[in-house]
Amino acid sequence: MLTRRALLEGAGAGTALAATGLALPKIDQAKAEIAGLSADLPSGVRGEAAMERLPGKQPLIKLTYRPPNYEAPIDYFKTPITPNDKFFVRYHLSDIPERIDIAKWTLSVGGDGANGSVDLSFADLKKMPAVEVVAVNQCSGNRRGLFQPHVPGVEWGYGAMGCAQWKGAKLKDILAKVGLKADAVEIVVDGADKGAVDKTPDFIKSIPVSKAMEDTTIVAYEMNGAPLPHFNGFPARLVVPGWTGTYWMKHLTSIKAVIKPFEGFWMKAAYRIPRDKFPGVKFASQESIGPNTPITEMVVNSLITSPSNGAKIKGKATVNGIAWDGGSGIKMVEVSGDGGKTWQKATLGKDLGKYAFRPWSAAVAVGKGEQKIMARATNNAGQGQLTELIQNPAGYHHNLYAAVAIIGV
Ligand SMILES: Nc1nc2c(c(=O)[nH]1)N[C@H]1C(S)=C(S)[C@@H](COP(=O)(O)O)O[C@H]1N2
Ligand SMILES: [Mo]
């Protein structure tokens, strides 16, 4: 359980008040803009949100405290690798582990789709051949708060995402320790957090065997060269490059191969999208257990990291940002300085791999008065961002063109 004491330990001077549970100071519009909180979010959300420090973290935008849901301000995306202490935090269940003793931690591997079972210690995991992959972890509901009309759920702005270099053991090597049966269809993963107290069903997820067998699907114990931060899944989490964050189980405790589609609440009832409305690989075994289909790969997207909303610019704006997708890689980013009337190609920055944030920059001419600077990315599969949202009940896959309003002087 995340206690007030734990929060206080990590609270910086300016945030101690919030951590005591006393009335939170309301942040005003100007401050919210600096924090990178979108002006498009519902006013209720904007009023409640506050910059707050979790233990071991820089200030993040708190959307809910229990369970902890904290997103990164836009400023934190100025580098294509998100530092560990600036990485967003998302939990579904209030009863999250406080500290995990790696000497006692075990990862149980088995299930009716496996030929046997084994308990791995943290040392066992670290002894296995290690793989490294740079990959974006983005919540399916990132930007949900920008959906019009509004949909229920955590009203995220732009920052429920981050990109890190993950290091760990291949899931397929772990599964090879027990051996998969020929009729195994999914790999089910569970973490140490629980929902018993508030009656929320335990957070358990599954991925298809085909995704589990990819060389970059790993049980990670390192993030950007350091142990995983507590709130990002210490001591080990699943990393599923290309797929939205929901499958990236934190505080991993069990891996089970199963011969029937897993029907837990978080597979059957949540994290689903209408069939055939979005691109992305199909999660075939799950399609038999509902009218809709599980969300899988991220859609192509971009974010303008500078200039920020309201900046005053004379003549020419240097526009910087990042682009990403579900793993085909970014082919092109275009930028407009005139609200989408004309577009020019941005220069792509360093390629850290097909699952990573791709930095880009462009210099565009801007006129006088309020101007809209926009960006749109295209991936190697030829998919682009949208000008109109594909409506879906849970507000997933928001990938409208990126835009900031600046003042030409
Ligand atoms: N144990 C556990 N793992 C979890 C979750 C959770 O609630 N509990 N949420 C998932 C979701 S929906 C997302 S978006 C990512 C967020 O990862 P982060 O908190 O490290 O940023 O964790 C995933 N793994
Ligand atoms: Mo998520």
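Residue numbering note: each chain is counted from 1, following its sequence as written. The order in which chains are written sets their letters, starting at A; the order in which ligands are written sets their numbers, starting at 1. For a predicted model such as this one, the threshold for reporting local features is a pLDDT of at least 70, and the threshold for listing and counting side-chain atom pairs is 80 or more; totals across whole chains, interfaces and linings nevertheless cover every residue. Only heavy atoms go into the side-chain values, all of them from the structure, while hydrogens and water stay out.

Colleague: Describe empty space enclosed by the protein, and please don't skip the residues or the numbers.
Modeller: Here the term cavity refers to a set of points on a 1 Å grid, laid over the protein atoms alone, in which a 1.4 Å probe fits but cannot get out; the term pocket refers to an open set having protein on both sides within 12 Å along at least five of seven lines, with lining residues being those that place an atom within 4 Å of a point. Grid points are joined across faces, edges and corners, and a volume is the space filled by probe spheres set on the points. Taken as a whole and assessed by the stated rule, the structure comprises two cavities of 30 Å³ or more. Volume-wise, the largest cavity comes out at about 260 Å³. Considering the residues around the largest cavity, the lining is formed by 20 residues, among which Arg 90, Arg 237, Gly 245, Trp 248 and Lys 250 are closest to the centre. Residues are sorted three ways: Asp, Glu, Lys and Arg are charged, Ala, Val, Leu, Ile, Met, Phe, Trp, Tyr, Cys and Pro are nonpolar, and all the rest, Gly among them, are polar. Broken down by class, the residue content of the lining of the largest cavity amounts to nine nonpolar, seven polar and four charged. Each of domain 1 (4-90) and domain 2 (106-294) contributes no fewer than three residues to the lining of the largest cavity. Two domains each provide a minimum of three residues to the lining of the second largest cavity, namely domain 2 (106-294) and domain 3 (301-408). Per the annotation, domain bounds derive from an automatic or database assignment of domains.

Colleague: Explain the pattern of salt bridges residue by residue, including any values.
Modeller: Criterion for a salt bridge: a side-chain nitrogen of Lys or Arg within 4 Å of a carboxyl oxygen of Asp or Glu. Inspection of the entire model under this criterion finds 11 salt bridges. The salt bridge partner of Lys 78 is Asp 75, with a shortest N-O separation of 3.5 Å. Each of Lys 170, Lys 172 and Asp 215 takes part in one network of salt bridges that share partners.

Colleague: Tell me about the site of ligand 1, and name the residues and values.
Modeller: Around ligand 1 sit 19 residues, and of these Phe 88, His 92, Asp 193, Arg 237 and Lys 250 come closest. One nitrogen or oxygen atom from the main chain of Trp 248 is found 3.0 Å from a nitrogen atom belonging to ligand 1. Residues adjacent in sequence count toward polar contacts only when both atoms are side-chain atoms; beyond that, a polar contact is any pair of N or O atoms within 3.5 Å, and within protein one must be able to donate a hydrogen and the other to accept it. Lys 250 has a polar side-chain atom sitting 2.5 Å from an oxygen atom of ligand 1. Where accessible areas are quoted, they stem from the Shrake-Rupley method and a 1.4 Å probe; at the residue level, only the protein chains shown are allowed to cover. Protein chains bury 100% of the 530 Å² of accessible surface belonging to ligand 1 in isolation. What decides whether a molecule sits in a cavity or pocket is whether more than half of its atoms lie within 2 Å of the grid points. Applying the majority rule of atoms within 2 Å of the grid points places ligand 1 in the largest cavity. Broken down by class, the residue content of the shell around ligand 1 amounts to 10 nonpolar, five polar and four charged. For the shell around ligand 1, the domains that each give at least three residues are domain 1 (4-90) and domain 2 (106-294). Any residue with at least one heavy atom within 4 Å of a molecule or strand is counted as near it.

Colleague: Explain the layout of surface pockets residue by residue, including any values.
Modeller: Of the voids in this model, the second largest pocket is the one considered here, and its volume is about 350 Å³. Lining the second largest pocket are 20 residues, and of these Arg 90, His 92, Trp 266, Ala 270 and Tyr 396 sit closest to its centre. Residues of the lining of the second largest pocket, tallied by class, amount to 12 nonpolar, five polar and three charged.

Colleague: Outline the packing of aromatic side chains, supporting the account with residue identities and numerical values.
Modeller: Between 30 and 60 degrees the pair is tilted, below 30 it is stacked and above 60 it is edge-to-face, where a pair is any two Phe, Tyr or Trp rings, Trp via its six-membered ring, whose centres lie within 6.5 Å. Scanning all chains against the criterion turns up 14 aromatic pairs. Aromatic side chains Trp 166 and Trp 248 sit 5.5 Å apart centroid to centroid with 70° between the ring planes, which places their arrangement in the edge-to-face category. Linking Trp 166 in strand E8 (residues 161-170) with Trp 248 in the loop between strand E13 (237-239) and strand E14 (252-258), this pair joins segments that are 82 residues apart in sequence. Considering the side-chain rings of Trp 343 and Tyr 401, the 5.4 Å spacing of their centres and the 85° angle between planes classify their relative orientation as edge-to-face. The helix count covers DSSP runs of H or I at least four residues long, the strand count covers runs of E at least two residues long, and both are numbered beginning at the N terminus.

On their own, these measurements won't tell you what the molecule is for.
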